[in-house]
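Residues per chain, in single letters:
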Amino acid sequence: MALAEAEVLRAKGAAEANQILQDSLGGPEGYLRYLQIQALEETKASLIYVPTEGGLPMTEARRLKN
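Residues numbered from 1 in each chain as written. Predicted model: local features only at pLDDT ≥ 70, side-chain atom pairs only at ≥ 80, totals over all residues. Heavy atoms only, no water.

Asks: Is there a simple way to think about the overall build of the chain in this case?
Replies: Within the chain, the secondary structure is distributed over 2 helices and 0 strands. Burial statistics for the chain: of 66 residues in total, 5% are counted as buried. A total of about 6,000 Å² of accessible surface is found on the chain, and carbon and sulfur atoms cover 59% of it. (Helix = DSSP H or I, 4+ residues; strand = E, 2+ residues; numbered from the N terminus. Buried < 20%, exposed > 50% of the residue type's maximum accessible area, 1.4 Å probe, protein only. Areas by Shrake-Rupley, 256 points an atom, 1.4 Å probe, with all protein chains shown as cover.)

Asks: Got a minute to help me understand helix 1 (residues 2-24) in this structure?
Replies: Side chains three or four residues apart in an α-helix point the same way, a direct result of the helix having 3.6 residues per turn. Helix length check: helix 1 (23 residues) gives 33 Å between terminal C-alpha atoms against 33 Å at 1.5 Å per residue, within 8%. In the stretch just after helix 1, Gly 26 is the one whose phi turns positive, near 90 degrees. (Expected span 1.5 Å × (residues − 1).)

Asks: Whenever I open this one, the packing of aromatic side chains confuses me. Can you help?
Replies: To describe a pair of aromatic rings, you give the distance between the ring centres and the angle between the ring planes. Tallied over the full model, the rule gives 1 aromatic pair. Centroid distance Tyr 31 to Tyr 34: 6.3 Å. Interplanar angle 15 degrees. Geometry classified as stacked. Taken together, the positions of Tyr 31 and Tyr 34, both in helix 2 (residues 28-42) and 3 residues apart, correspond to about one turn of that helix. Under the relative-accessibility criterion, Tyr 31 is labelled buried at 13%. Its relative accessible area of 31% is what places Tyr 34 among the partly exposed residues. (Phe/Tyr/Trp six-rings, centres within 6.5 Å; stacked < 30°, edge-to-face > 60°.)

Asks: I tried to follow a nonpolar patch on the surface on my own but got confused; where do I start?
Replies: A surface patch of nonpolar side chains, amounting to about 390 Å² of accessible area, comprises Leu 21, Leu 25, Leu 32, Tyr 34 and Leu 35. For the nonpolar patch, the element with the most residues is helix 2, which contributes 3 residues. Counting through the fold element by element, Leu 32 comes out in helix 2. (Patch = residues over 30% accessible without salt bridge, like charges linked within 9 Å, V, L, I, M, F, W, Y side chains within 5 Å. Salt bridge = Lys/Arg side-chain N within 4 Å of Asp/Glu carboxyl O.)

This is the structure in structure tokens:
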């Protein structure tokens, strides 16, 4: 039972931290952009498709050369 209560407290803390980040970044869209940038920094991919305003990636706009 104590483990479940600790997990609930952890989840509430994480939710509160996420809300603070979201608010400081201008709302949900800013927070999602922040998460996208974080994910791009951690990737080792040589080709990345970035969504446009419509949410669809620009595929094959320019191929990377080896």
